[in-house]
Amino acid sequence: MPASEETGSGPVIHDHRRIDPVTGQVRGKHAASKPAGTRGAGRPAPGPEAAGTQAGGTQAGGPAEDQPEDQHDKHEERDAAATQESPEEASEMVTGQVIKDGKQAADVAAQLAERTADLQRLQAEYANYRKRVDRDRSAVQEQAIVKTLTGLIPVLDAINQAREHGELSGGFEKVADSLLAALGRLGLVTYGEKGDPFDPKIHEALSYTDSPDVAEDTCVAIMFPGYKVGDRILRPAKVAVAAPATGLDGASNEVEWPDAEEGN
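A quick note: this is a predicted structure, and the numbers were derived from the prediction, not measured.

(A) Quick peek at the sheet that holds strand 4 (residues 226-229). Reading across from one edge, 1-4-5 is the order of the 3 strands in this open sheet, with antiparallel pairing throughout. Lying at the two open borders of the sheet, with one neighbouring strand each, are strand 1 (188-191) and strand 5 (232-235). The sheet shows a mean angle of 35° between the axes of neighbouring strands, taken without regard to direction. As paired strands, strand 1 and strand 4 are joined by 4 bridges and run antiparallel to one another. Pairing of V189 across the sheet is with K228, part of strand 4.

In structure tokens, the structure reads:
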């Protein structure tokens, strides 16, 4: 046994591994000659320049072997431990992120509901606007038609009188028929026939007589026909009305005037 190996009090173990387990580098051929427990075991033998550097370091600030070999590894382990987070901290971070995401989702949902309400209100206002415009347009159109037809009523009365007297013939009759057809397409309706029950809402009584031939107030003659557009009366029919001679109780409706001689 060499004299260098007899300095230890215990057994000496030689490390013959070619790869340094600490640095991961390939060892030199003189690395395995040192015992496993000595300094520099398992490291490649220093060259002349390294030896000079070590010598200079030893002369300037003491031996270089006094520094720990795994100092770099300890720094890395300490940095890795500092970057690790505890489960509580990770849970708090996840909870905070969930709360933040939930708040953002709630804000988006509130904005969506607000925009939807605005669109619904705008759509309702537009629908009401269209209905109002359509109603106003129809009213204006009806008013214009009524005004035009009302102005033509005297012309229609003249045509009817000419027809009754037999003065409407030839080309004038065709013109009159075409005019009545055009007015009918505009909605003009002529009403009033002999024998119709008297209705003060649509008839105007020009004369009133009693007759035993009727059981109720009846139009016995049509002086001028009535005209209407839809439910709007342009002119009521002007008629002669006959009332029944007896009332509902069978009594006569005739008025008995006192005799002039008896009065004297």
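(B) Highlighting the pattern of salt bridges. In the structure shown here, the tally under the stated rule is 5 salt bridges. Here E114 and R115 are joined by a salt bridge, their closest N and O atoms 3.6 Å apart. The class for R115 is partly exposed, based on a relative accessible area of 47%.

(C) Geometry of the packing of aromatic side chains. One pass over the full model with this rule turns up 0 aromatic pairs. The cationic tip of K238 hangs over the ring face of F224; the distance from NZ or CZ to the ring centre is 5.6 Å.

(D) Representation of the layout of surface pockets. Considering only enclosed or pocket space, the second largest pocket measures out at about 220 Å³ in volume. Going through the elements one at a time, helix 3 (87-164), strand 1 and strand 3 (218-224) are the ones with two or more residues in the lining of the second largest pocket. Top contributing element to the lining of the second largest pocket by residue count: helix 3, with 5 residues. Residues that form the lining of the second largest pocket fall into these classes: 5 nonpolar, 4 polar and 4 charged.

(E) A look at the environment of D177. Considering the arrangement of structural elements, one finds D177 in helix 4 (residues 171-185). C-alpha separation for the pair D177 and I159, spaced 18 residues apart in sequence, amounts to 9.7 Å.

(F) Expanded view of the confidence of the model for the protein chain. Model confidence for the protein chain is summarised by a mean pLDDT of 75, while 64% of its residues fall at 70 or above. Within the model, the stretch residues 37-42 combines pLDDT values under 50 with 11 contacts to residues more than four positions away or in other chains. Every residue in residues 47-67 is under pLDDT 50, and counting partners more than four places away or in other chains gives 7 contacts.

(G) Local environment of the sheet that holds strand 2 (residues 203-211). Strand order in the open sheet made by the 3 strands is 2-6-3, with mixed pairing throughout. Two strands in the sheet have a free side with no partner beyond their single neighbour: strand 2 and strand 3. Ignoring which end each strand starts from, the neighbouring axes of this sheet average 25° apart. In the sheet, strand 3 pairs with strand 6 (residues 237-244) via 5 bridges, with the strands oriented antiparallel. Looking at strand 6, one finds that A221 is bridged to A240.

(H) Here's a closer look at the side chain of D157. Among the structural elements, D157 can be located in helix 3. The residues contacting D157, other than those within four sequence positions of it, are F224, Y227 and R235.

Calculation rules
Residues numbered from 1 in each chain as written. Predicted model: local features only at pLDDT ≥ 70, side-chain atom pairs only at ≥ 80, totals over all residues. Heavy atoms only, no water. Pairing = 2+ DSSP bridges. Helix = DSSP H or I, 4+ residues; strand = E, 2+ residues; numbered from the N terminus. Axes fitted to C-alpha atoms, helices over the stretch in contact; angles between N-to-C directions. Salt bridge = Lys/Arg side-chain N within 4 Å of Asp/Glu carboxyl O. Buried < 20%, exposed > 50% of the residue type's maximum accessible area, 1.4 Å probe, protein only. Phe/Tyr/Trp six-rings, centres within 6.5 Å; stacked < 30°, edge-to-face > 60°. Lys NZ or Arg CZ within 6 Å of the ring centre and 35° of its normal. 1 Å grid on protein atoms, 1.4 Å probe; cavity = no way out; pocket = protein on both sides within 12 Å on 5 of 7 lines; lining within 4 Å. Points joined across faces, edges and corners; volume = space filled by probe spheres on them. Nonpolar A, V, L, I, M, F, W, Y, C, P; charged D, E, K, R; others polar. pLDDT = per-residue confidence, 0-100. Contact = heavy atoms within 4.5 Å.

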